[in-house]
Amino acid sequence: MTKTNSGRFFEDYKVGDVIRHAVPRTVAEGERALYHALYPARHALYSSDAFAADCGLDGSPLDDLIAFHVVFGKTVPDVSLNAVANLGYAEGRWVVPVYPGDTLRSESQVIGVKENSNGKTGVVYVRTRGFNQNDDVVLEYVRWVMVRKGNLDAPAPEAVLPDLKKVLSVEDLVVPEGLTFDDYDFGLAGEEHRWGDYEIGEVIDHVDGVTIEEAEHMIATRLWQNTAKVHFDLTFRPEGRLIYGGHVISMARALSFNGLANAQMIVGLNGGAHANPCFAGTTVKAWSEVLDKAETDVPGVGAIRLRLVATSDGSVGQLKGEDGKYLPGVLLDLDYWALMPI
């Protein structure tokens, strides 16, 4: 009887199943230091205890995407170890900030399954929640993954497709308790542009680029304890180790500081697609489009909805071709809400 984990295959998932993921992890300042070493992350709220205190918080939280990566990484052995591709995200909400010293764990519920027509793979939908040591939900999101079948003769399950919101409303977003921008220092934040300065439909070229190195993406993926084989094992993917999609997300978010330095906190994830694979040696650049704006119920705190696009060819404002498919230079298409001073 084997004692090792070969991962779940498509036929192993049943709608309604709840999966408690191993292993809880206590996060500390080390995660912040490594994150800021791996990415050019400079948003002031996540860099300075003093700046965060002036914004009404109990010190500087860890970057929102640190919470995402840690919670996501826990799910990989149970959800995507045998994945062909991570296909998309929806209904993501950051509920409670994560601080150094918090212990995070993850839990997922299977909410949908659909076998593909080739009979070799299927799509699994899961709703994942990350909890802290107080059992508070810090983060929740839905993602769907294409997973291989282990037994090609296994009968196709009844297809169940979840009804997901295409866009979170501003009422769905959670403004952290105590957050205020009354004493916000735009000079220390790095830019003067506030919520009212952005127009719906505006496209922002973030200018800078970073060439992804093989060692850095593997360090990052190990940091989040993501064990997906395609990121490490060349015998599993001979054409090249696939860059973890979250690595591209964090790189693009960090690059977006140039033009969106005051989009401080990510609070909602409406959708996302890893449009094309990314490999070491790729130079990632980014641009954003303002999709919407809304005032929250906290005076002075605005929500801005942004499309963040990472590219491998430096193009700006171009997303899909006439056939409706993503252009080959598009790596990431991420639709999210962030909080910004009005």
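In case you missed it, the structure is sitting above this.
Rules of the game
- Residues numbered from 1 in each chain as written.
- Predicted model: local features only at pLDDT ≥ 70, side-chain atom pairs only at ≥ 80, totals over all residues.
- Heavy atoms only, no water.
- Helix = DSSP H or I, 4+ residues; strand = E, 2+ residues; numbered from the N terminus.
- Rg over C-alpha atoms; globule rule 2.2 N^0.38 Å.
- Buried < 20%, exposed > 50% of the residue type's maximum accessible area, 1.4 Å probe, protein only.
- Contact = heavy atoms within 4.5 Å.
- Lys, Arg positive; Asp, Glu negative; His and termini not counted.
- Charge placed at Lys NZ, Arg CZ, Asp CG, Glu CD.
- Patch = residues over 30% accessible without salt bridge, like charges linked within 9 Å, V, L, I, M, F, W, Y side chains within 5 Å.
- Areas by Shrake-Rupley, 256 points an atom, 1.4 Å probe, with all protein chains shown as cover.
- Salt bridge = Lys/Arg side-chain N within 4 Å of Asp/Glu carboxyl O.
- Axes fitted to C-alpha atoms, helices over the stretch in contact; angles between N-to-C directions.
- Parallel < 35°, antiparallel > 145°, perpendicular 65-115°, else oblique.
- Nonpolar A, V, L, I, M, F, W, Y, C, P; charged D, E, K, R; others polar.

A. Expanded view of the overall build of the protein chain. Helix and strand counts for the protein chain stand at seven helices and eleven strands. Its C-alpha atoms give the protein chain a radius of gyration of 20 Å, within 12% of the compact-globule value 20 Å for 342 residues. Viewed in the frame of its principal axes, the protein chain has a C-alpha envelope of about 60 × 50 × 40 Å. Across the 342 residues of the protein chain, 54% fall into the buried class. For the protein chain, the share of sequence-separated contacts (at least 6 apart) that also reach a separation of at least 24 residues comes to 79%. Here the protein chain contributes 31 positive and 48 negative side-chain charges, whose respective centroids are spaced 10 Å apart.

B. A negative patch on the surface, seen in detail. A contiguous patch of negative charge on the surface is contributed by Asp54, Asp182, Asp183, Asp185 and Glu192. With respect to the helices, strands and loops of the structure, Asp182 is situated in the loop between strand 6 (137-148) and helix 4 (186-189). Overall, the relative accessible area of 64% leaves Asp182 in the exposed class.

C. A look at the packing of helix 1 (residues 29-38) against helix 3 (residues 64-79). At a minimum axis distance of 11 Å, the contact between helix 1 and helix 3 shows a crossing angle of 105 degrees. It follows from the interaxial angle that helix 1 and helix 3 lie roughly perpendicular. Between helix 1, through Glu31, Arg32 and Tyr35, and helix 3, the contact on the second element is made entirely by Leu65, Ile66 and His69. Along the lines of polarity and charge, the residues of the contact of helix 1 with helix 3 split into three nonpolar, one polar and two charged.

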